[in-house]
Amino acid sequence: MTTDDKFETHEHDVLIIGAGGAGLRAAIEASSMGVSVGLVCKSLLGKAHTVMAEGGVAAALGNVEPKDGWKVHFRDTMKGGRYLNQWRMAQLHAMEAPDRVNELEEWGALFDRTADGRILQRNFGGHKYPRLAHVGDRTGLEMIRTLQQHGIHLGMSVYMECTVTRLLGDDNRVSGAFGYWRETGKFVIFKARTVVLATGGIGRAFKINSNSWECTGDGQALAYLLGAELMDCEFMQFHPTGMVWPPSVRGTLITEGVRGEGGTLRNKDGKRIMFDYIPELYAKDTAPTEEEADRWLEESAKGTGKSRRTPDLLPRDIVARAIHSEVKAGRGSPHGGVFLDIHSRRSAADIKRKLPAMYHQFKELGDVDITRESMEVGPTAHYTMGGIRVDPETQETRVKGLFAAGECAAGMHGANRLGDNSLSDLLVFGRIAGHHAAKLAKATSQKSVDAGQIEACEREALAPFEREEGRNPFQVREDLMNQMQKYVGIMRNEGDLQAGVVELERLAADAGKCAVSGNRHFNAGWHETVDLRNLLVVSEAMARAALVRKESRGAHAREDFPDQDKGHWSQVNLVVRKGSAGMEVEQVPLPPLPDEIKQVLEEE
Amino acid sequence: MSDEAKKSDKATLRIWRGNAEGGEFKEYEVGTYPGMVVLDAIHDVQAEHAPDLAVRWNCKAGRCGSCSAEINGKPRLLCMTRMSHFEPGQPITVTPMKTFPIVKDLVTDVSHNFRVAKRIPPFKPRPRDADGHWRMQQIDIDRIQEFRKCIECFLCQDVCHVLRDHDKHDSFAGPRFMIHLATLDMHPLDTVDRRPMMKEELGIGYCNITRCCTEVCPEHITITDNGIIPLKERVADDFFDPVRWLMRKISPPANKKSLPVLPDPIKATTKTKKKQDAEA
């Protein structure tokens, strides 16, 4: 009996795993190039974590501030990433983002408008000019719905509620993927000439996080296990403003748009905290006083003025650590955060119109009316800058035919991502990955699928059912989230990270002993065991890379090395790969900057 | 988690468990804590009592519309329903959406909705202005931005009696898609006329404006009054107003192109018969 007889099998030119912004954009591009496209989603179509994005899409359209352009956006991105970004990705991103936004409008997206009827842009952390095309505070929903409604008419096959557990092929060439249907638990094989991974983030590795259940590092783990490399894994972004109370919603995101609309961070004494945390790198562009900060807000809404930006909108790593320090110094709010005040800054009607989802979220889940009271906020694990190492021009990994785009890919954001460079990242690199995956698929043939490999995939997936007595996968995952929060969190040091690695080894052993009951039909416990394997890969990569990087840079903060290094560490990315004796971390020099790019960075 | 957050009181959940073949209610006891929502309670049931309990969820913040179910008979999102909403000591009954075929436990087969979505002709804009922009005033798009808040939870489809009680899946697209059609029809840039299709294929006439969909919408979209009624009026104007008919004959609208009515009606999923009917 061949594997084709034994398992349901589908064959496509391009297989895309993940149907958030990047996956959908890749699928649209590949479909429009006339190849056959399969799009695999872990959930229903349109439910991916992209729907949670609130603030906007960063693109230098120049509608509000005509001085904006790709060079300014590029400089902001490199500065925010503390110059550890792959410069070519940051450049492509800044240059192509406006086209990607305009294209969304062509497909039916309805962004908020300027007075003269063009796409309105708002301020956001680390962006010099108002740059965010947005729809209230539900931009991600608008984006995914637009892509979805456009994409389904292009002839792609969509496989919903299907989880991929392994990529097929070897470390030279990908040949497809092996997975299961959530509903039936039956296995399915996808044969493909090229594969695009667009599986998103890893937030579920932390106890306090803003991510949905799907964000378990699937793409990163699938790529790593096949033999691709990961990069920049030490950089985990903690978003400064997650909900801290009540416990049920701890970590749920509060958009940076609140601060973009004028919201300020205050401690328990009512003092605006951010003026005490302006780093040297940003001192030149940041208002040192409340008066100047408030003046800037007014002027910037009109696209005029000379005042400097409010420090409430410094990049996320700086704001998150400022909140952490205030709480540690005993100046926090009752439930261990600080206060975010919008009610004294904007009218109730403005708040309800510009931040409807936030209003709704606090009212329904937190019993707080944000038009009258301050919110309590604190850092929440939000986004990984690290991920699969790709070629900046094509998004291909070191495995032939395997591509990655969006949050699961690394390089674009360096040591810290600017707010809402992620939505534009999804569009720009989703398109590039889809384009090159389709191009390569046209030029190559399908590599044969190895029957022995399929059997191994099946054995691995079914192992938790074979164990009579074993660990409860939900408890192991809870344990993992707590250990990562404790040892690999927002402030790190050698001792904690060493302890974290030891804990992760123990957890890997525990995960290998998980047992599940019941049948394969929509079995949440079983699904958890698959997710756990992936979470353990990305967690270990983060802890090991964090141990190696002996400095503080962007989102990676070491108490034992508090300064940003001007020498060695400013010149290397950390690359993680599977070695003969486990996970290896290698220091790889940054690609050299061409002179014309150096010039762009030096202009001001 | 702080001391305040520690589990204190107990709550009882009565959850429908089963599949297309049949099923029964099972009771589970969970601890409660401040701010707890029904989805938290269901996760606790999974972790502590029934790891194979099936429930759909994603964001747990009311944004993705995955965790739709019926709580004490009312269509709601599990993640936006606080436990404190209910009388202490009384069991909380959780059942799957009734309108869709059961997959397992609280999970239903909502694929019908995705098939309807595919049949609605996509947005097709007029050309850009000379400078490459499209100008639209905020006031002209406020109304459709309301419709575009839809998170596709399908609670409106669940509660709609045309679908729920009369099983007209093959002749009525349902409130979710009426709202989608309203978005397209009222979009300042769109050039496609879908009104013949609304009348002939998507069954706009079936809605008799009971407003149940508006009542259950977690995004508070005024589905009936702002969406369906104006659409009904537009369809009625086009097909039944003799003056309009004459005007169209004399000077056809320049920017809207009518699509031919597609021949085959939408086929409803016939995969399983809802067994929970017998239970209810």
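Interfaces are often sized by the amount of accessible area the parts lose when they come together. Residue-level contacts link 67 residues of chain A with 63 residues of chain B. Buried area between chain A and chain B, summed over both chains or domains, comes out near 5,400 Å², and the portion from carbon and sulfur atoms is 53%. Taken together, the connections running from chain A to chain B amount to 6 salt bridges. Across the pair Arg 82 of chain B and Asp 367 of chain A runs a salt bridge, and its minimum N-O distance is 2.7 Å. If you look at where chain A meets chain B, you find 41 residue pairs in polar contact (both at pLDDT 80 or more). Counting only elements with at least two residues in the side of chain A that touches chain B, the list comes to helix 4 (87–106), helix 5 (139–151), helix 12 (356–366), helix 15 (473–487) and helix 17 (524–548) of chain A. Among the elements that take part in the side of chain A that touches chain B, helix 12 of chain A stands out by supplying 7 residues, more than any other. Its residues assigned to classes, the side of chain A that touches chain B shows 23 nonpolar, 24 polar and 20 charged.

The next thing to look at is the sheet that holds strand 12 (residues 264–266) of chain A. Residue and element names in this part refer to chain A. Read from one edge of the open sheet, 4 strands run 11-14-13-12, paired in antiparallel fashion. Two strands close off the open sheet at either side, each with one partner strand: strand 11 (236–243) and strand 12. Shown here is a sheet whose adjacent strand axes are inclined to one another by a mean of 45°, direction ignored. Bridging between strand 12 and strand 13 (residues 338–341) involves 3 bridges; their strand directions are antiparallel. The residue of strand 13 that forms the bridge with Arg 266 is Phe 339. Of the strands in this sheet, strand 11, strand 12, strand 13 and strand 14 (375–384) are in contact with helix 10 (residues 316–328), which crosses strand 11 at around 60°.

Quick look at the domain arrangement of chain A now. Residues and elements named next belong to chain A. Here chain A is described as being made up of domain 1 (7–237 + 382–451), domain 2 (244–380) and domain 3 (460–564). The distance between the C-alpha centroids of domain 2 and domain 3 comes to 32 Å. Counting residues at the interface gives 6 residues for domain 2, matched by 6 residues for domain 3. For the pair domain 2 and domain 3, the summed buried surface comes to about 460 Å²; carbon and sulfur atoms form 66% of the total. Where domain 2 touches domain 3, the interface holds 1 salt bridge. Across the salt bridge formed by Lys 328 and Glu 559, the nearest N and O atoms sit 3.8 Å from each other. Where domain 2 packs against domain 3, one counts 1 residue pair in polar contact (both at pLDDT 80 or more). Sorting elements by how many residues they give to the side of domain 2 that touches domain 3 places helix 10 first, with 5 residues. Taken together, the residues that form the side of domain 2 that touches domain 3 break down as 2 nonpolar, 1 polar and 3 charged.

The subject of this paragraph is the pairing of strand 4 (residues 74–77) of chain B. Residue and element names in this part refer to chain B. By the alternation rule, side chains of strand 4 split into Pro 75 and Leu 77, which are all buried, and Lys 74 and Arg 76, of which none is buried. Bridging between strand 3 (residues 68–71) and strand 4 involves 4 bridges; their strand directions are antiparallel. From the neighbouring strand, Ile 71 faces strand 4, where its bridge partner is Lys 74. In this structure, the hairpin formed by strand 3 and strand 4 is closed by a connection of 2 residues, where Asn 72 is found at a positive phi of approximately 45°.

Core analysis: the largest hydrophobic core is formed by 202 residues, its most contacted members being Leu 167, Leu 197 and Leu 402 of chain A together with Ile 42, Leu 78 and Val 94 of chain B. The element best represented in this core is helix 13 (residues 421–443) of chain A, accounting for 11 residues. Apart from the residues lying within four places of it in its own chain, the contact partners of Ile 42 of chain B are Leu 13, Ile 15, Leu 53, Val 55, Leu 78, Val 94 and Leu 106 of chain B. Counting residues in each nonpolar core, the second largest holds 27 residues, with Ile 202, Ala 381, Val 501 and Leu 507 of chain A among its members.

The rules behind the values
Residues numbered from 1 in each chain as written. Chains lettered and ligands numbered in written order. Predicted model: local features only at pLDDT ≥ 70, side-chain atom pairs only at ≥ 80, totals over all residues. Heavy atoms only, no water. Contact = heavy atoms within 4.5 Å. Buried area = accessible area lost by both parts, 1.4 Å probe. Salt bridge = Lys/Arg side-chain N within 4 Å of Asp/Glu carboxyl O. Polar contact = N/O pair within 3.5 Å; in protein donor to acceptor, adjacent residues only side chain to side chain. Helix = DSSP H or I, 4+ residues; strand = E, 2+ residues; numbered from the N terminus. Nonpolar A, V, L, I, M, F, W, Y, C, P; charged D, E, K, R; others polar. Pairing = 2+ DSSP bridges. Axes fitted to C-alpha atoms, helices over the stretch in contact; angles between N-to-C directions. Domains from an automatic or database assignment. Buried < 20%, exposed > 50% of the residue type's maximum accessible area, 1.4 Å probe, protein only. Core = buried A, V, L, I, M, F, W, Y, C linked by side-chain atoms within 4.5 Å.

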